[in-house]
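A look at the structure
Take a look at the letters that make up each chain.
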There are 2 protein chains.
Amino acid sequence: MSLESFFSPKSVAIVGASRRKGKVGYEILTNMISSGYEGKIFPVNRSADEIEGLTCYPDLSSIGETPELVVVIVPARFVLGIIEDCAKLGTKSVIIITAGFKEIGEEGKKLEEEIVRVARRAGIRIIGPNCLGVIVSSSKLNASFGGDMPKAGGTGYLSQSGAMLAAILDTAKANGIGFSSLFSIGNKADVDELDLIEALAADPNTKVIAGYLESIGDGNEFVREAERISHQKPILLMKSGGTTAGAKAASSHTGSLAGSEVAYECMFARAGIIRCDSITQQFDFAQAFASQPLPRGPKVVVLTNAGGAGIMAADAIERQGLTFAKLAEETIDRLAASLPAAANCYNPVDVLGDALPDRYEFALDVLLDDPSVDAVVVLLTPQAMTQAAETAEAIAKTAQAKPDKPILACFLGASKVEAGVKVLREAKIPQYESPEAAVATLRAMADYVLWRSQPKRVVKLFPVNRRKVESIIDRHLRKGAREIGEAESKEILEAYGFATPKGSIATTADQAANIADQLGYPVVLKIWSPDILHKSDVGGVKVGLKSAQQVRDAFDLMMYRIPKKMPDAHILGVLVQEMCASGREVILGMHRDPHFGPLMMFGMGGVMVEVLKDVAFYLAPLTGDEAKRMLMNTKTYRILQGVRGQEGVDIEAIAEGLQRLSQLVTEFPQIQEMDINPYVVGLPGTTPIGVDARISVEK
Amino acid sequence: MSLESFFSPKSVAIVGASRRKGKVGYEILTNMISSGYEGKIFPVNRSADEIEGLTCYPDLSSIGETPELVVVIVPARFVLGIIEDCAKLGTKSVIIITAGFKEIGEEGKKLEEEIVRVARRAGIRIIGPNCLGVIVSSSKLNASFGGDMPKAGGTGYLSQSGAMLAAILDTAKANGIGFSSLFSIGNKADVDELDLIEALAADPNTKVIAGYLESIGDGNEFVREAERISHQKPILLMKSGGTTAGAKAASSHTGSLAGSEVAYECMFARAGIIRCDSITQQFDFAQAFASQPLPRGPKVVVLTNAGGAGIMAADAIERQGLTFAKLAEETIDRLAASLPAAANCYNPVDVLGDALPDRYEFALDVLLDDPSVDAVVVLLTPQAMTQAAETAEAIAKTAQAKPDKPILACFLGASKVEAGVKVLREAKIPQYESPEAAVATLRAMADYVLWRSQPKRVVKLFPVNRRKVESIIDRHLRKGAREIGEAESKEILEAYGFATPKGSIATTADQAANIADQLGYPVVLKIWSPDILHKSDVGGVKVGLKSAQQVRDAFDLMMYRIPKKMPDAHILGVLVQEMCASGREVILGMHRDPHFGPLMMFGMGGVMVEVLKDVAFYLAPLTGDEAKRMLMNTKTYRILQGVRGQEGVDIEAIAEGLQRLSQLVTEFPQIQEMDINPYVVGLPGTTPIGVDARISVEK
C-alpha cells in the first residue's frame, strides 16, 4: 500500500488536540497551523469546542467527512478504539504519537500487536507508535512535535529515535539545511524503515535518502531493496550499536572474526549505502549529494587564497585515497597568463591572499574546463582584502555556468565569512567547516560513483550434487549433531566440486604405514576424533613424513601423548593423507548472520589469519567480480599474485572456490558456519585442494 | 633572550600607523586602542600630527623615550632603517608586519638577512616579517590586524600562516573560545616556533600550547625541547604538508617505507605532541586540555537522556580504543534506587527523555564517585521537557564540587540547546558538536596521560669497536663510495656486537664445494657483486644446499644465468655461507631524516615487509622500552611471541639489536641508510644472526 497520504494528505484529524501550551496535542496542532498547511485540519477533543480558531470535534465520526490522515495523541488505552473508528470511517493513514506500547514491556507489546491486527484488516497503515510524527515540506505538513518546519530541501529523513530527530531538526535549522520530509518511525509497528526508504525513493521531492537506524527488520529484503534504490538515489545512514553488540560465541575462524559490525559493513557495501558516523558528517554528505552533480572520477583540485589551507586540503585528499588532480598544461598556461606572478598555478591553485572575486571566478572557470579535474574544493580564508560574499557570488555564478562538476566550498572562519556562507547556501554550494570535511564528502561521492558503475551482478551457478549434501546434513540434524566430521565434510566439499586430498583412517601404526606406502610419500598424519577441533593445538597434526618408519613413530607418539592432554576425547584413529602439492594456504569461510544471511570470508590461511586478521568479508551469493574483489581487499593479495621472484598462484581458482562455497551455503541455510582451511592453491592451471573443512549445521 | 616584552610591553610604538581606514597601519592602531591596552601607544607617521586622538611622531627618535615594543608596518625598503633606529634607542622587541622579504625571492631574502644581522648585533628580537602580529589577552595587547581581541583563555597559539590565524581567530570568536595569546610568526627570520613554544611554556597564563606549522627549523633541538615542555603543558599542533612532500628516492627498505610523514609522526610521538587534523579538532582538544583535569585512565562512562545518542557515544569509545567503563555494583545500586524504573543504570546511563536537571545532577554525582570511571561524556538531546540551561547549570555545579575527573558535554541540536551551551562555556565545561568529537578528545587526553607516565628515558650504551667502523667508513668516503659491500658491512655489524654467519667467497665451483664441506651442510650461496643490490631478484640466492654436488650445480647456474640478466654487473664470485639456525626473519633498519635524524625501523623480514608494510618507526637513540614498544606496534608481534603451538623467539634479543643499531647510527652520522635484513632470531637464549646488511654512507 502506498504511503502517499502521509506525504500529501488533503485533510488531517488530530485526535487528542489540546489547548494547553506545552502539551503534545497543542504542539502538534499549532505546528500544523503555523507550517501553513493548506488542507483541512480537524482537531478532535471531547472537552473543547474550538482550539486556536479551529472547530473542535468530540470524536472522528462527528467530523462528517473522512480525514485522509489521522494523528493520534490520546493515551495508549484509547488508541485501539481510535483505530477502529478510522476503520469505520475509511481513513487509511494513521500516525500514532502516543507512547506506552512495545517499549514498556509485554502488556504494551500485546496492545500494539492488537492495534496492528485491526489496522491490517482495515487496510490502514500506521507510523509509530511512540514517535515524534511527520514533516513534509512540499505539502507544508508539520504533523509532529519535533520542532518548527525546516527549510525545504532535497533530503528525506527517517529516524528510529525521536530524540535524534529533534536534535537533527534543530541543528539543520541553525545551519540552514533543508529537508523534503522527516519521519519519526518510533516502534515501527507497521510502517518500517524499508517502507519509508521505498516511499522516499518514489518521492519526486527527495534527492537523497538519509536516516538514523538502531535496528533493521528483514535483513535480506532490506539489502535487496536498498541495493535497487541506491542505483536511483543515494542512501546515507547512521547506524548505531554496531561495535558494542556482542557477536555470539563462534567455533569457526570466520565466526570469531565476523562481529555484527562486519555484517552491517557488508550489507552497506553490497547495497551501496553510505555510512555516516555522526550528525555532522551526515549533513556534510547530504548537502553535497542533494545539490551537486556526482564527480566523474576521484581527481580533485584545490583552489585557495592561502597556501597553508591549500596544503591541509591536499593532505586530506591523500589521506582519503582520492587523486590529487594533475592539471593539464593548457590549464596551467591559462592560469599563469592571467594570475599574478606569485600565484601558484599548480594544484593546489593559490590565487593569493589579496584575491578579489574576479580571481576566484577566473581560476574556477579555467579549472572546471580541465578534463583532468573531476571535482573542485574552493577554500577561502578571511584576509585583509577578502570579499567573502562577493567571492561566493562569483563562485555561484561560475558553478551555474558550468554545472557538470561538483564544487565544495570551505570558507574558514566565522563572522568574517558569514555573508559569504549565506550566499553559498542560497546558491546550493555546500559549505564545510574544514578542508578535511569537504574532502571526506568528495570521498563518499567518489565511492558512490564507483559503486554505481559496477556491472550488473550475475551469480554463476555450478553443477553440483545437491542431494548428497542434503542427505549428510539431514542425517546430522536427525541425530542432533551440530558439527559435521572431517570425512563427511570432505564428501560435502567434493559434492560441490572441490578437490580434497586422498587418505584413509588407520587404527594401528602398521596400518598407517601401509596406507602411506600406497599414497606415496610424503604424507600427513592427523588425529581423528570428534572431540578435537583444534588438532594442531594438541600436537595432532604431523606433516612431511617421508618414510614408513616416520609414519609409525608419529602414529605412536600421537596415541601416547594426546590422550594425556585430552583424557576425555574419543579417539577413532589417525588419518593418513597425501601431502598437497606446495602452494599458498588460504582460508575460505562463511558465517551466517542472523539478519543478513551468509557472510563469506576470504583470508590468508594458517597463522596469518589469526595474527593479522587480514581477511575480507562479503555477503553471499557472490558474483565472480565480488569474489575477486574480496581477494583484492586483503593486504596479502600481492603475495597471491607473486612477489620477488616467487610465482603467483591461481587467483581465478580461489575466486571460483569462494563462489562454490557461496552457492553451497546459499542452497543450504542449515549450514551455520563453515571454514575450508587450508585451501591450498598452486600455480595457475593447477587444481586447488580443500585440505580440511569445518561445518556446523542447525535446523 | 626573553620574549617577555612581546607579552607585556609597557609601551608600544606603531611605525607606519595610518589614519586611513582599511590600511593595515590603521587596523593595528585601532586594534591597540580598542583592546584596552593600558600602556603607552606611540603612533609614528611622518605626515600626521595626531591619529585617533593620539599624538603622532615623525620618527622613533622624536618620541623622547624608548618604546618597549615596536610594530613595523612601513614598506620593506624602510624597515632596515627602523631597526637601526631601534638599535640606537635601545628597543629590544620588534614585530615586523611588512611583507616583501624572503617570500618574494632572492632580493627579499638578502634584505631580511641584513635586518636580522643588524638586530642580532643590537640584541633585538624580531617576530616576522610578513606576519599578522601579536595578541596577548592578559596585557590587553592587540598589536595585530588579525581581528578583534578574542576572549581570554588558557590556550597560547602560534601560526606560521597569517591566513590560518585569521580564520582561527574568527572561528574562535563565534564559538566563544578564548586564548591567552596568539602569535603570527610569518617568515620566522629571528623568533621561530621553538622560541615561542618555550615562551608559552613559561607564560603563567598559558595552559595549553597550540599552533599551526608548515615547517620546523632545527629538528633535533625542537624534539628535545618539545619533549621537555610536553611534560609541563600539552602541545597541540596542526602540521600541514606531511603526506604530499615527496620523500627522496631511497635504496633501502627502511628509506622507501619512511616518508617525511613518518618522520613527523615519530617526532610527535617522541615529544608527546598531540597532532590535530583540522581547526575544529584543535579547538575540540584545546578546550578540554585548557579547562578539564587529565583523566587518570581510559575508562569512559556516558550519561544521556536518549538511548540512541548513548549508543553512538559507546560506538565511538570502542572505535577510539578507549575503555567502556564497567560501573561498580554500588554505583548501579545507587542509580537504580533513585532513577525511574525505565532508566538504564549501566553504561551508557540513560536518565530518559523526560529527565530534568535534578536527574542529571544526581547521576553525574554518583558516576563521579565511582573509581571505575576516569571520565564522563554527558549527552543531552532536546526533548519536550528538556531544560538545557538548567541542566547545564546542574552539570557545572556537580563538576565544581567534584573537580577530579574530566567532564565533556555534547548537547545535540542548536537553538534548543543554545542557552545550555552558553552556560557550559561560562562554566568551562567543553561542549562538542557530536559524541564522536567528545570521545576523540578524551582519546587525545588519555594518550597524553600515557605519554607523560612513561619512565625517564635511559639510553643504554654497549661496549663496541668504534674505531673499526670509523676506518671502514672513512675508507669508503675517501674513495667516494656510497654503498658499503657485504663483507665490510658484516665487519661493521660485528664491531657493534652483532653475530653474523660464517662463510667465504668462492670463484670456482670446486672452491665453493670445499668451503661448504668445511662449514658443514646445509649452506647458502649468494652472488657476490657490488652492482647487484637485490640478489634474489636475479636468482642470486640459493638456500638449503645439502651436498657438494648441489653447491657445484648452484654455483655454475648462477655464473651462467646472472651475467645474462645483468651483463654490466661486475661479478666477484659467490659467497658460500652457513645456514642460520631456523628462526624468524625480521628486519632492523634506519633511515636518516634530514630534519630529525635517524629513524629506526622494525618489521617482519622477507616478503612480509614489502607486502604488508607491517613496520614500526621510532626516533633514535632508542631506550630498551622504546625498542620493545616498536616490536609491539607491529601486527606481527604475536608471531614473535609464538602462536598455535609454535614457540616464540627471543624478543629481548631483537630489542637489543635495535638498540645496538641505534647506537651505531647515532655515533656515525655518516650512515644515511641501513638495513639488517634478514636478522634471524631463534628461541629465547639463542644468539640472533645478522645475515645480510646494506649500509650507505655520505659525508
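Numbering of residues starts from 1 in each chain and follows the order in which that chain's sequence is written. For this description, chains carry letters from A and ligands carry numbers from 1, given in the order in which they are written. Residue-level local features of this predicted model are given only where pLDDT is at least 70; pairs of side-chain atoms are given and counted only at 80 or more, and the full residue set underlies all totals for whole chains, interfaces and linings.

1. Comments concerning the overall build of chain A
Helix and strand counts for chain A come out as 24 helices and 30 strands. Principal axes of the C-alpha set define a box for chain A whose edges measure 100 × 80 × 40 Å. With C-beta atoms placed from the backbone, a residue is buried if 20 or more other C-beta atoms are within 10 Å of its own, exposed if 12 or fewer are, and partly exposed between those counts. Taken across its 699 residues, chain A has 54% of its residues classed as buried. Each helix is a run of H or I in the DSSP string that is no shorter than four residues. Each strand is a run of E no shorter than two, and both are numbered from the N terminus.

2. Focus on the interface of chain A and chain B
In this complex, chain A contributes 58 residues to the contact, which on the side of chain B involves 58 residues. Taken together, the elements giving at least two residues each to the side of chain A that touches chain B come down to helix H5 (162–174), helix H10 (279–291), helix H11 (307–319), helix H21 (607–611) and helix H23 (637–641) of chain A. Placing a C-beta atom from the backbone of each residue, one calls two residues in contact when those atoms lie within 7 Å.

3. Things to note about the packing of helix H13 (residues 357–369) of chain A against helix H14 (residues 388–401) of chain A
All names here are of chain A. Where H13 contacts H14, the two axes come as close as 8 Å, and the packing angle between them is 25 degrees. By the angle between their axes, H13 is roughly parallel relative to H14. The two elements H13 and H14 meet at a crossing, and its hand is right-handed. Across from Pro-357, Tyr-360, Glu-361, Leu-364, Asp-365 and Leu-368 in H13, the residues of H14 making contact are Glu-390, Thr-391, Glu-393, Ala-394, Ile-395, Lys-397 and Thr-398. Three classes are used, and their members are as follows: Ala, Val, Leu, Ile, Met, Phe, Trp, Tyr, Cys and Pro are nonpolar, Asp, Glu, Lys and Arg are charged, and the others, Gly among them, are polar. Taken together, the residues of the contact of H13 with H14 break down into six nonpolar, two polar and five charged. Comment: axis = line fitted to C-alpha atoms, over the contacting stretch for helices; angle = value between 0 and 180 degrees taken between N-to-C directions. Should an angle fall under 35 degrees it is taken as roughly parallel, and over 145 as roughly antiparallel, whereas 65 to 115 is taken as roughly perpendicular and any remaining angle as oblique. Crossings are sorted by hand: turned counterclockwise from the far helix by less than a right angle, the near helix makes the crossing left-handed, and turned clockwise it makes it right-handed.

4. Details of the confidence of the model for chain A
Residue and element names in this part refer to chain A. Values of pLDDT, which run from 0 to 100, indicate the predictor's confidence residue by residue. For chain A, the mean per-residue pLDDT works out to 91, and 96% of the residues sit at or above 70. Within the model, the stretch residues 243–251 combines pLDDT values under 50 with 18 contacts to residues more than four positions away or in other chains. Predicted complex, confidence summary: ipTM 0.83, pTM 0.87.

5. Notes on the relation of the copies chain A and chain B
A rotation about an axis combined with a shift along that same axis relates the two copies of the chain. Each copy superposes on the other: chain A lies on chain B with an RMSD of 0.1 Å after a rotation of 180 degrees and an axial shift of 0.0 Å. Each copy turns onto its partner about a two-fold axis. The C-alpha atom lying nearest the rotation axis in chain A is that of Leu-612 of chain A; the distance is 4.8 Å. Both copies present the same face, since 100% of the interface residues in chain A are matched by interface residues at the equivalent positions in chain B. Each copy is superposed on the other by least squares, with the fit set by C-alpha atoms of residues at a pLDDT of at least 70 in both.

6. Thoughts on the sheet that holds strand S21 (residues 503–506) of chain B
By way of backbone hydrogen bonds, the strands of a sheet pair with one another, either parallel or antiparallel. Residues and elements named next belong to chain B. Strand pairing is assigned whenever DSSP detects at least two bridges linking the two strands. One open sheet holds the four strands; their spatial order is S21-S24-S22-S23, and the pairing between them is antiparallel. Every interior strand has two partners, whereas the edge strands, S21 and strand S23 (541–545), have only one. Each strand axis lies, on average, 20 degrees off the axis of its neighbour in the sheet, ignoring direction. Sheet topology note: the strand S22 (residues 523–528)/S23 ladder contains three bridges and is antiparallel. Note on S23: the bridge partner recorded for Leu-525 is Lys-542. Of the strands in this sheet, S21, S22, S23 and strand S24 (573–578) are in contact with helix H19 (residues 509–519), which crosses S24 at around 15 degrees.

7. Considerations on the environment of Gly-123 of chain A
Take Gly-123 of chain A: it is sitting in the loop between helix H4 (106–122) and strand S7 (125–127). Separated by 409 residues in sequence, Gly-123 of chain A and Ile-532 of chain A have C-alpha atoms that sit 57 Å apart.

8. Thoughts on unusual backbone geometry
Here the amide bond leading from Ala-620 of chain A into Pro-621 of chain A is cis, since omega sits at -5 degrees, within 30 degrees of zero. Along the polypeptide, Pro-621 of chain A turns up in the loop between strand S27 (615–619) and helix H22 (624–632). Notably, Glu-52 of chain B is not glycine yet its phi reads approximately 50 degrees, a positive angle. Turning to its location among the elements, Glu-52 of chain B is positioned in the loop between strand S3 (50–51) and strand S4 (54–55).

9. Examining the pairing of strand S12 (residues 208–213) of chain A
All names here are of chain A. The buried fraction of S12 amounts to six of the six residues, a majority that puts the element mostly inside the structure. Note that S12 and strand S13 (residues 235–239) share five bridges and pair parallel. Directly across from Leu-213, in S13, lies its bridge partner Lys-239. When the strands point away from the viewer and the path from the first strand over the helix to the second turns clockwise, the crossover is right-handed. In this fold, S12 hands off to helix H7 (residues 219–230), which returns the chain to S13; that crossover is right-handed.

10. Some words on the sheet that holds strand S9 (residues 141–144) of chain B
All names here are of chain B. Here we have seven strands laid out as an open sheet, ordered S9-S8-S11-S10-S12-S13-S14, and mixed in their pairing. Each edge of the open sheet is held by one strand with a lone partner, namely S9 and strand S14 (274–275). Inspection of the sheet shows strand S13 (residues 235–239) paired to S14 by two bridges, in the parallel sense. Bridge pairing in S14 links Leu-237 to Arg-275.

11. Side note on the environment of Asp-517 of chain B
Within the element layout of this structure, Asp-517 of chain B appears in helix H19. You can call Asp-517 of chain B partly exposed: it has 14 C-beta atoms within 10 Å.

12. Some points on the domain arrangement of chain A
All names here are of chain A. For the domain bounds, the source is a domain assignment made automatically or taken from a database. Domain annotation of chain A identifies domain 1 (4–206), domain 2 (293–452), domain 3 (466–578) and domain 4 (584–697). For domain 3 and domain 4, the distance between their C-alpha centroids amounts to 22 Å. Every element with two or more residues in the side of domain 3 that touches domain 4 is listed here: helix H17 (466–479), strand S20 (483–484) and helix H18 (486–495). Residues of the side of domain 3 that touches domain 4, tallied by class, amount to 10 nonpolar, four polar and five charged.

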